[in-house]
Protein chains: 2
Amino acid sequence: MIDINQAISSLSWQREPYGLYAPIAYALEGGGKRLRPTLALMACRMFGGDEEKALPVALALEIFHNFTLLHDDVMDQAPVRRGRPTVHVRWDDNTAILSGDQMMTEAYVQLEQVEPSLLPRVLHLFNAMATDIWRGQQLDMEFEKREKVSVDEYIEMVRLKTSVLLGAALQLGGLMAGASESDLTLLYRIGERIGLAFQIQDDVLDVWGDERTFGKRIGGDIVQNKKSLVQILALENANPEQLRELRRWIDMKCFDEEQKIAEVTALYNAIRVRPMCEEREAQYTEQAMNDIMLLSVPQDKKQELIDITRKLLNRKN
Amino acid sequence: MIDINQAISSLSWQREPYGLYAPIAYALEGGGKRLRPTLALMACRMFGGDEEKALPVALALEIFHNFTLLHDDVMDQAPVRRGRPTVHVRWDDNTAILSGDQMMTEAYVQLEQVEPSLLPRVLHLFNAMATDIWRGQQLDMEFEKREKVSVDEYIEMVRLKTSVLLGAALQLGGLMAGASESDLTLLYRIGERIGLAFQIQDDVLDVWGDERTFGKRIGGDIVQNKKSLVQILALENANPEQLRELRRWIDMKCFDEEQKIAEVTALYNAIRVRPMCEEREAQYTEQAMNDIMLLSVPQDKKQELIDITRKLLNRKN
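These numbers come from a predicted model, not from an experiment. (Residues numbered from 1 in each chain as written. Chains lettered and ligands numbered in written order. Predicted model: local features only at pLDDT ≥ 70, side-chain atom pairs only at ≥ 80, totals over all residues. Heavy atoms only, no water.)

Things to note about the overall build of chain A
Note the following rule: Counting from the N terminus, the helices are the DSSP runs of H or I reaching at least four residues and the strands are the DSSP runs of E reaching at least two. Put simply, the radius of gyration uses C-alpha atoms, and a globule should come to 2.2 Å times the residue count raised to 0.38. Contacts between residues were defined by any pair of non-hydrogen atoms, one from each residue, lying within 4.5 Å. Only the protein chains shown count as cover for residues, with accessible areas throughout obtained via the Shrake-Rupley method and a probe of 1.4 Å. Think of it this way: Lys and Arg go in the positive column, Asp and Glu in the negative one, and His and the chain ends go nowhere. Taken as the charge centre is NZ of Lys, CZ of Arg, CG of Asp or CD of Glu, depending on the residue.
Scanning chain A for helices and strands turns up 16 helices and two strands. For chain A, the C-alpha radius of gyration of 20 Å lies close to 20 Å, the compact-globule estimate for 317 residues. When the backbone C-alpha atoms are referred to their principal axes, chain A occupies close to 60 × 50 × 30 Å. In chain A, the share of contacts with a sequence separation of at least 24, taken over all contacts with a separation of at least 6, comes to 73%. Element-wise, carbon and sulfur atoms account for 50% of the exposed surface of chain A, whose accessible area totals about 13400 Å². Charge separation in chain A, taken as the distance between the mean sites of 38 positive and 49 negative side-chain charges, equals 2 Å.

So this is what it looks like as structure tokens:
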């Protein structure tokens, strides 16, 4: 079985000019779950394919994903990623933009290794995935400037911005193994649903998680008035008095962060928004599990995907 | 014959979310010489190919080129492009970054139309070209922070940042027409040489051109201490007194712009740097013309490329 971390480590970035490639090495050695390449290789194995054939696609997905983080972190002016300074902080904005552009090119360089007969389709799927991600990021930025965002709008934004990358990972892995069209459709949808459930869980943990294991500061979304599913559902389900209080905290310019986190969390608890989120998460998880059942491979071949889905979506933190 | 402006206009950007695609439409309708797609289609015609087959590559090159301008303008914080506010000024930095990323994807979307048998090679050439451009842009940014840049370093930076795109345009156009390997090598080199000559001419016109026809303000490079070939050769060939004067103007924090332009131009004239630049430009032009002679097609097929090369490189402004 391919060790994806080792495969990523063996990509060489010792190239001139150093200033262009050092930030790429830094971004890729930052760790993370390697979820996308793992899913791609897993789908390939599930359908009896040769993992080596799926490796370029797996690497392309991981490089592309980390590239989007580089540019997202510039756009959000985020200071920290995976416990380390972001590229635009460690270097500067221009470096993050340019090294990011080079990373996008490097993702397509990986695709050069794809079997020629599959390349047109892989290129199309990869481009469509990238386009969805840009559309999702654009919606995310627009939503932050808007007064009100509906649950459906939010879910569609998450689907585009983060979930299609998981869908594409499973689908591309399956494609490399020669999976049937109906299985490829299922694989894409499974990835999408896992992605949606995962993001909702992330929104919940941002409020109710355990800082020691969550990896991010608890309450960050509350402090920044981030339009997470938690906030959207709270605003939709608050009574007039709760709504006034929520709005007051959202509009407040000067506040004690700990106090804001405590008071808004108390409001969320009173509105009972956590079970609403968890119900939605459970729905998407169930849909993913049902679709996994429909894949036309023996049950034992599915176990890996079932296990990773359970592990991802039963995080306590 | 394909009308490239019409082909670009017929690309539709009326898509949701509007905020992502409107800047792309704006960037592409800004005009410009359409030099890269023109060269690609021209090379295809020269070798008897079907222009329609080269059109996706031509459009990919134009979209990619304009994408690099979007990100370059953010990095340089340039206010104006082709007489109009740049995207990051008209909208904001984040829009220019994100719509630029979408444009890069759109370039690769065009490549989906390439004949499958040629796609692996086209993808490779396109990726290699993009990598060269990022390397050139990185060198350009590094040079601006350095005290001294040699002529060779400058030429290599220009070759990477701007010339390979012309080389790739001619080569990809020829590839679409089934040109031989030796002709493809020549086409690439011809584009590179035209690009080098063109950039040197641009550096010269920035000092000695006519504002009415040059399209940019004369003396902009002098005001910004841009490490153009003119400045590099002036510093290398100045006598001690001239060098002291040049350094004084370069280091001056507060100055009258018109006075700086006049005095530095006078120094350049005294150092006789213009003929040195023009000699180099003439060398590259001659190399391009010689290589055009070596292409294995009848003389009359070459006329279009000869004419455009002459037109490009005999600008008075």
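Things to note about the interface of chain A and chain B
Cut-off, in case you're wondering: Here's the idea: put two parts together, see how much 1.4 Å probe accessible area each one loses, and the total over both is what we call buried area. When a carboxyl oxygen of Asp or Glu is within 4 Å of a side-chain nitrogen of Lys or Arg, the pair counts as a salt bridge.
Each partner contributes residues to the interface: chain A has 38 residues there, and chain B has 38 residues. Both faces considered, chain A and chain B share a buried interface measuring about 3300 Å² in area, 66% of it formed by carbon and sulfur atoms. Looking at the side of chain A facing chain B, the largest losses of area belong to Leu98, Glu112 and Trp134 of chain A, adding up to 17% of the total buried there. Our count for the contact surface shared by chain A and chain B stands at zero salt bridges. Sorting the residues of the side of chain A that touches chain B by element identifies helix H2 (18–28), helix H4 (51–76), helix H6 (93–111) and helix H7 (119–145) of chain A as the ones contributing at least two each. Sorting elements by how many residues they give to the side of chain A that touches chain B places H7 of chain A first, with 15 residues.

Notes on the relation of the copies chain A and chain B
Put simply, the rule is: The copies were overlaid with a least-squares fit restricted to C-alpha atoms from residues scoring a pLDDT of at least 70 in each copy.
Superposing chain A onto chain B takes a rotation of 180° combined with a translation of 0.0 Å along the rotation axis, leaving an RMSD of 0.0 Å. In the structure described here, the two chain copies are related by an operation that fits a two-fold rotation axis. Mapped onto chain B, 100% of the interface residues of chain A are again interface residues, and the two copies thus contact each other with one and the same surface.

Structural notes on the environment of valine 207 of chain A
Residues and elements named next belong to chain A. Tracing the backbone through its elements, the reader meets valine 207 in helix H9 (residues 181–208). Put simply, valine 207 and valine 264 are 57 residues apart on the chain and 9.4 Å apart in space, counted from C-alpha to C-alpha. Beyond its immediate sequence surroundings of up to four residues, valine 207 is in contact with Ile218, Ile222, Val230, Thr265 and Tyr268.

Here we look at the domain arrangement of chain A
All names here are of chain A. What counts here: Just so you know, the domain bounds were taken from an automatic or database domain assignment. Pairs of N or O atoms are called polar contacts if they sit within 3.5 Å, as long as, within protein, a hydrogen donor faces a hydrogen acceptor (for residues adjacent in sequence, only side-chain-to-side-chain pairs). When residues are grouped by polarity, Ala, Val, Leu, Ile, Met, Phe, Trp, Tyr, Cys and Pro land in nonpolar, Asp, Glu, Lys and Arg in charged, and all others, Gly among them, in polar.
Partitioning chain A into domains gives domain 1 (1–179) and domain 2 (189–290). For domain 1 and domain 2, the distance between their C-alpha centres works out to 26 Å. Every contact between the two is made by 20 residues of domain 1 and, on the other side, 21 residues of domain 2. Linking domain 1 to domain 2 there are three salt bridges. Arginine 159 is the salt-bridge partner of glutamate 192, the closest N and O atoms lying 2.7 Å from each other. Between the two partners, domain 1 and domain 2, sit eight residue pairs in polar contact (both at pLDDT 80 or more). Elements with a minimum of two residues in the side of domain 1 that touches domain 2: H7 and helix H8 (151–176). With 11 residues, H8 is the largest single contributor of residues to the side of domain 1 that touches domain 2. A class-by-class count of the residues in the side of domain 1 that touches domain 2 yields nine nonpolar, four polar and seven charged.

Some words on H4 of chain A
Residues and elements named next belong to chain A. Rules: Each residue after the first adds 1.5 Å to the expected span of a helix. For the exposure calls, accessible area comes from a 1.4 Å probe over protein chains only, and a residue counts as buried if that area is under 20% of its type's maximum, exposed if over 50%, partly exposed in between.
A rise of 1.5 Å per residue sets the reference length of H4, with its 26 residues, at 38 Å; its end C-alpha atoms lie 36 Å apart and thus fit the reference within 8%. Of all 26 residues in H4, 23 are buried, a share of seventy percent or more. If you check the start of H4, you find a side-chain oxygen 2.9 Å away from the backbone N of glutamate 52, and it comes from aspartate 50. Just downstream of H4 lies glutamine 77, where phi reads positive at about 50°.

Brief notes about the environment of glutamine 231 of chain B
Residue and element names in this part refer to chain B. Relative to the helices and strands, glutamine 231 is located in helix H12 (residues 229–237). A residue is classified by how much of its surface remains accessible, and glutamine 231, at 7% relative accessible area, is buried. Once the C-alpha coordinates of glutamine 231 and leucine 246 are considered, the two residues, 15 residues apart in sequence, prove to be 9.2 Å apart. In contact with glutamine 231, not counting residues within four places along its chain, are Asn225, Lys226, Ile250 and Tyr268.

Observations regarding the pattern of salt bridges
According to the stated counting rule, one finds 40 salt bridges over all chains in the structure shown. Between aspartate 132 of chain B and arginine 135 of chain B there is a salt bridge whose closest N-O contact spans 3.6 Å. With aspartate 132 of chain B and arginine 135 of chain B both in helix H7 (residues 119–145) and three residues apart, the pair spans about one turn of that helix. Taking the relative accessible area as the measure of exposure, arginine 135 of chain B reaches 23% and is therefore partly exposed. Across the pair glutamate 245 of chain B and arginine 248 of chain B runs a salt bridge, and its minimum N-O distance is 2.9 Å. One end of the pair, glutamate 245 of chain B, and the other, arginine 248 of chain B, are both in helix H13 (residues 240–251), three residues apart, so they sit about a helical turn from each other. One network of salt bridges, with partners in common, ties together Asp72, Asp140, Glu144, Lys161 and Lys226 of chain A.

Thoughts on the packing of aromatic side chains
All names here are of chain B. Just so we agree on the cut-off: Stacked, tilted and edge-to-face are the three classes assigned to paired rings of Phe, Tyr and Trp, where Trp is represented by its six-membered ring and a pair needs centres within 6.5 Å; plane angles under 30 degrees give stacked, over 60 edge-to-face, the rest tilted.
Overall, the coordinates contain 16 aromatic pairs over all chains when judged by the stated rule. Here the aromatic rings of tyrosine 26 and tryptophan 91 are separated by 5.2 Å at their centres, their planes lie at 80°, and the arrangement is edge-to-face. Taken together, the residues span a long stretch of sequence, with tyrosine 26 in helix H2 (residues 18–28) and tryptophan 91 in the loop between helix H5 (87–90) and helix H6 (93–111) at a distance of 65 residues. Here tryptophan 91 falls in the partly exposed class, since its relative accessible area comes to 28%. Judged by centre distance (6.3 Å) and plane angle (55°), the rings of tryptophan 208 and tyrosine 268 are tilted. Remark: tyrosine 268 occurs in helix H14 (residues 257–271) and tryptophan 208 occurs in helix H9 (residues 181–208); sequence separation between them is 60 residues. Take tryptophan 208: its relative accessible area is 17%, and that puts it in the buried class. Overall, the relative accessible area of 5% leaves tyrosine 268 in the buried class.

Some details on the packing of helix H3 (residues 35–46) of chain B against helix H8 (residues 151–176) of chain B
All names here are of chain B. Heads up, the condition is: Lines are fitted to the C-alpha atoms to define the axes, a helix being fitted only along its stretch in contact, and any angle between axes, read from their N-to-C directions, falls within 0 to 180 degrees. Angle categories: roughly parallel below 35 degrees, roughly antiparallel above 145, roughly perpendicular from 65 to 115, and oblique for all the rest. Rotating anticlockwise by less than a right angle from the far helix to the near helix defines a left-handed crossing, while the corresponding clockwise rotation defines a right-handed one.
It is at 7 Å that the axes of H3 and H8 come closest, and there the two elements cross at 30°. One element, H3, and the other, H8, form an angle in the roughly parallel class. For H3 against H8, the interelement crossing comes out right-handed. Across from Leu35, Arg36, Leu39, Ala40, Ala43 and Cys44 in H3, the residues of H8 making contact are Leu165, Leu166, Ala169, Leu170, Gly173, Gly174 and Met176.

Considerations on the side chain of aspartate 291 of chain A
Residues and elements named next belong to chain A. Tracing the sequence through the fold places aspartate 291 in helix H15 (residues 273–294). The class of aspartate 291 is buried, set by a relative accessible area of 7%. Among all residues touching aspartate 291, those that are not within four sequence positions of it are Leu186, Arg189 and Ile190.

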